[in-house]
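These are the residues of each chain, in order.
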2 protein chains.
Amino acid sequence: MTVTVIVRKIEVVGRWEPDARGRLASAAMALYGERGFDNTTVEEIAARAGLTERTFFRYFADKREVLFGGAHELQEFLVAHVLEAPAALSPLEVIATAYMSAGDDIFEARRDFSRARQAIIAANTELQERELIKLATLNAALAEALRRRGVGDSAASLAAEAGGSAFRLGFERWIEDTKGKPMSTFIRELLDELKAVAAGE
Amino acid sequence: MTVTVIVRKIEVVGRWEPDARGRLASAAMALYGERGFDNTTVEEIAARAGLTERTFFRYFADKREVLFGGAHELQEFLVAHVLEAPAALSPLEVIATAYMSAGDDIFEARRDFSRARQAIIAANTELQERELIKLATLNAALAEALRRRGVGDSAASLAAEAGGSAFRLGFERWIEDTKGKPMSTFIRELLDELKAVAAGE
């Protein structure tokens, strides 16, 4: 009796589909890769996933959100790690350590998705611009988090932006790597390279 | 007789207007500042300048180009300076020196324009995004110029991006400064601060 009631409730909200979100995301990524982002419609994504357009819009505001929906989660993760980092770390080390933790806790499980996403974005100017804006927003949020730790105004921006560059380039190496090295290793390499560049080497 | 011929030639091309470009740019900047970028039309800019819309489009592709038309010139200037910098300079010093030269040779004469432009852009999200894209394009071009000097792939990106951050923050200090200090002084300050940040201070 109880079971029947629950099933009815779900039917009112919409037909229940196992992992609808994941199926829609996979279908979207496959189509973006095959035809390009611009040449893919929500109708096609839904059809490929065996679901309806209405179901798509229950999980994603638009086509772009399949690619950029994780930005908020990443920003919250990084800001929390910056605020909680040991006081002894320098501002740049705080930023780099936060990105290394994101590598371990967020990105490692999503290497295939990240690789596919990178290729889709590289093929589309508008998406590249959106990615730039996302990274700039992230830099600004991390600079603000450093200021809340007492770091000076411009030092906070410089550390967040330089750390962001090390992350982006480390991310690219990680995407290209075929040996399964963790992202944090690449970020550490880039951080060391950044220190050398700043020291005038 | 010769004079008459010349005047006729000009009339074929369009009514001659002294400094039409400058008058249109000034009118546009004044209107963007008064009403905001989005609330200003080309018709209004032309009317304020005492010229026609057709004349506006002879000098600018659209409203935005009044603000971003100088990007190409700046990029060419910086790339040339990076390529011609003394071999003894480190990659980061090469970038910083190029920006300092741009400060002296391009920006100092345009402090009022730069200040007005900054305020207009700060008030409009779309223009801020355009500015980000412009700066990222500049970073990529300067990284490429460093590579042509023989700098390694990621060191070139790190130096161009860190130098770009020092420029942007130095530019902001210069805009806010009321004592007429040259932009190059501010860029040097930020560069020193960047070195301290990278050294873990």
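Each chain carries its own residue numbering, running from 1 in the direction its sequence is written. To read the labels, note that chains go from A and ligands from 1, taken in the order they are written. Residue-level local features of this predicted model are given only where pLDDT is at least 70; pairs of side-chain atoms are given and counted only at 80 or more, and the full residue set underlies all totals for whole chains, interfaces and linings. Only hydrogens and water are set aside; all other atoms, that is, all heavy atoms of the structure, feed into the side-chain values.

Chemist: Explanation requested: the domain arrangement of chain A in the structure shown.
Modeler: Residues and elements named next belong to chain A. Note that domain bounds follow an automatic or database assignment of domains. For chain A, the assigned domains are domain 1 (15-66) and domain 2 (70-198). Taking only C-alpha atoms into account, the centre of domain 1 sits 28 Å from that of domain 2. Contacts: residue pairs with any heavy atoms within 4.5 Å of one another. If you look at the interface, domain 1 gives seven residues, while domain 2 gives eight residues. Contact with domain 2 buries surface across domain 1, with Met29, Phe37 and Arg64 losing the most and accounting together for 72% of the total. Salt bridges are defined as contacts in which a side-chain nitrogen from Lys or Arg sits within 4 Å of a carboxyl oxygen from Asp or Glu. Taken together, domain 1 and domain 2 are joined by one salt bridge. One salt bridge connects arginine 64 with glutamate 126, and the closest N-O pair in it is separated by 3.2 Å. Whenever a nitrogen or oxygen atom comes within 3.5 Å of another N or O atom, the pair is scored as a polar contact, on the condition that within protein one atom can donate a hydrogen and the other can accept it, and that pairs from neighbouring residues in sequence are kept only if both atoms are in side chains. Our count for the domain 1 to domain 2 interface comes out at two residue pairs in polar contact (both at pLDDT 80 or more). The biggest single contributor to the side of domain 1 that touches domain 2 is helix 2 (residues 20-35), with three residues. When grouped by side-chain class, the residues that make up the side of domain 1 that touches domain 2 number four nonpolar, one polar and two charged. Summed over both partners, the accessible surface that disappears when two parts come together, traced with a 1.4 Å probe, is what is meant by buried area. Each helix is a run of DSSP H or I of at least 4 residues and each strand a run of E of at least 2, with the numbering of both proceeding from the N terminus. Residue polarity is assigned by list, with Asp, Glu, Lys and Arg as charged and Ala, Val, Leu, Ile, Met, Phe, Trp, Tyr, Cys and Pro as nonpolar; anything else, Gly included, falls into the polar class.

Chemist: For this particular structure, what's the right way to read helix 10 (residues 153-176) of chain A?
Modeler: A rise of 1.5 Å per residue sets the reference length of helix 10 of chain A, with its 24 residues, at 34 Å; its end C-alpha atoms lie 35 Å apart and thus fit the reference within 8%. The cut-offs for exposure are 20% and 50% of the maximum accessible area for each residue type, with area from a 1.4 Å probe on protein chains only; residues under the lower value are buried, those over the upper are exposed, and the others partly exposed. A large share of helix 10 of chain A lies buried, amounting to 19 of its 24 residues. How far a helix is expected to stretch is found by multiplying one less than its residue total by 1.5 Å.

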